[in-house]
Amino acid sequence: MSNAVLPVTAGFRLVLEKTPKWGTSVSWSRSQTRYAVQQQVYPIYQIAMSVEVLRDQVGLEETRNLLGFFNQRAGAFDSFLHTDPDDFSVTDHQFGIRDAVTTQFQLLRTYGGFAEPVQNVNALTSIKSNGVTLATPADYTINSTGMVTLAAAGTNGHVLTWTGTDYWRVAFEEDKLPFGKMFQSLWELKKLPLVGSVMNKV
């Protein structure tokens, strides 16, 4: 699991497709009753991007940098970090309610009413309790997977919110990446398929 960040250049068209994918086992009885078993708590996302132009010249070694990044990951073997341009930040976003007992809360982000853990924090601007900004490390600490530990359980009913940005943990979906040459020193990637989530496991 690498914390390297996907190198994005001016030629990226960024997200073309984003497909949430669940693993559900469905079976039918002889009487045509449908039985479904949910295999995942959170979805995995298939993300398709394209790169319209990659330059390969002195000072603009975009092609070899991306190709090298792909090879350093051993294709689909190693995961890495990526900023989703449409889903990478929150402002005063609720992630917990204090109950005067619990001191640990996982950062969350809610998208379309569905909440998922945020485990790859890029920048944390603030943690607030009922609108009051908390100080670190006096009031809280946060670990590498977005788990916030409060110094005290605090007042029952106080709402915890956070502001900041996060990465998605992704991997290349395939072990091959077809670079196409357009002109001298200019290349393209018609499709750059990734698979990932906002969590730490892909």
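Our subject in this report is the structure included herewith. (Residues numbered from 1 in each chain as written. Predicted model: local features only at pLDDT ≥ 70, side-chain atom pairs only at ≥ 80, totals over all residues. Heavy atoms only, no water.)

### Looking at the overall build of the protein
Line of reasoning, step 1. Each helix and strand counted, the protein has 1 helix and 18 strands in total.
Line of reasoning, step 2. Computed over C-alpha atoms, the radius of gyration of the protein comes to 21 Å, more than 25% over the 17 Å expected from 2.2 N^0.38 for 202 residues, which places it beyond the range of a compact globule.
Line of reasoning, step 3. Taking the principal axes of the C-alpha coordinates as reference, the protein spans close to 65 × 60 × 25 Å.
Line of reasoning, step 4. Counting only residues that meet the buried cut, the protein has 38% of its 202 residues in that class.
Line of reasoning, step 5. Contacts in the protein between residues at least 24 apart in sequence constitute 73% of all its contacts with a sequence separation of at least 6.
Line of reasoning, step 6. Surface exposure of the protein reaches about 11,200 Å², of which carbon and sulfur atoms provide 52%.
Line of reasoning, step 7. When the 17 basic and 18 acidic side-chain charges of the protein are each reduced to a single mean position, those positions are 6 Å apart. (Helix = DSSP H or I, 4+ residues; strand = E, 2+ residues; numbered from the N terminus. Rg over C-alpha atoms; globule rule 2.2 N^0.38 Å. Buried < 20%, exposed > 50% of the residue type's maximum accessible area, 1.4 Å probe, protein only. Contact = heavy atoms within 4.5 Å. Areas by Shrake-Rupley, 256 points an atom, 1.4 Å probe, with all protein chains shown as cover. Lys, Arg positive; Asp, Glu negative; His and termini not counted. Charge placed at Lys NZ, Arg CZ, Asp CG, Glu CD.)

### So, the environment of M49
Line of reasoning, step 1. Mapped onto the elements, M49 comes out in strand β4 (residues 44–57).
Line of reasoning, step 2. When the C-alpha positions of M49 and V90 are compared, they lie 23 Å apart, and in sequence the two are 41 residues distant.

### Thoughts on the pattern of salt bridges
Line of reasoning, step 1. All told, the structure shown has 7 salt bridges when counted by the stated rule.
Line of reasoning, step 2. When the shortest N-O distance is used, the salt bridge between K18 and D84 registers 2.8 Å. Taken as a pair, K18 in strand β1 (residues 12–21) and D84 in the loop between β6 (80–82) and β7 (89–97) lie far apart in primary sequence, 66 residues in all.
Line of reasoning, step 3. Overall, D84 belongs to the buried group, its relative accessible area being 1%.
Line of reasoning, step 4. For K128, the salt bridge goes to D92, with nearest N and O atoms at 3.3 Å. (Salt bridge = Lys/Arg side-chain N within 4 Å of Asp/Glu carboxyl O.)

### Regarding the sheet that holds strand β11 (residues 121–129)
Line of reasoning, step 1. Ordered by their spatial adjacency, 4 strands build an open sheet running β7-β15-β11-β12, and the pairing between neighbours is antiparallel. Edge positions in the sheet fall to β7 and β12 (132–133), since each has one partner strand and no second.
Line of reasoning, step 2. Here β11 runs beside β12; their pairing, made up of 2 bridges, is antiparallel. From the neighbouring strand, K128 faces β12, where its bridge partner is T133. (Pairing = 2+ DSSP bridges.)

### Focus on the side chain of S129
Line of reasoning, step 1. Position of S129 relative to the elements: it lies in strand β11.
Line of reasoning, step 2. Here the side chain of S129 touches R98 through a polar contact of 3.0 Å, side chain to side chain.
Line of reasoning, step 3. Once you skip the residues sitting within four places of it in the chain, S129 turns out to touch R98, L134, H158, V159 and L160. (Polar contact = N/O pair within 3.5 Å; in protein donor to acceptor, adjacent residues only side chain to side chain.)

### Overview of unusual backbone geometry
Line of reasoning, step 1. Here the residue pair T136 and P137 is connected by a cis peptide bond, since its omega of 10° sits within 30 degrees of zero.
Line of reasoning, step 2. Among the structural elements, P137 can be located in the loop between β12 and β13 (140–142).
Line of reasoning, step 3. We note that Q32 has phi near 70°; this positive angle belongs to a residue other than glycine.

### Structural notes on the pairing of strand β14 (residues 147–150)
Line of reasoning, step 1. In β14, alternate side chains face the same way, and those of V148 and L150 are buried while those of M147 and T149 on the opposite face are not.
Line of reasoning, step 2. Of the strand pairs in this sheet, β13 and β14 are connected by 3 bridges, and their pairing is antiparallel. Within β14, the position partnered with T141 by the bridge is T149.
Line of reasoning, step 3. Here β13 folds back onto β14, and the loop between the two strands holds 4 residues, one of which, G146, carries a positive phi near 80°.

### With respect to the environment of S126
Line of reasoning, step 1. With respect to the helices and strands, the residue S126 is situated in strand β11.
Line of reasoning, step 2. What makes S126 buried here is its relative accessible area of 10%.
Line of reasoning, step 3. Here the alpha-carbon distance between S126 and Q104, two residues 22 residues apart in the chain, equals 16 Å.

Treat this as a map of the structure, not an account of what it does.
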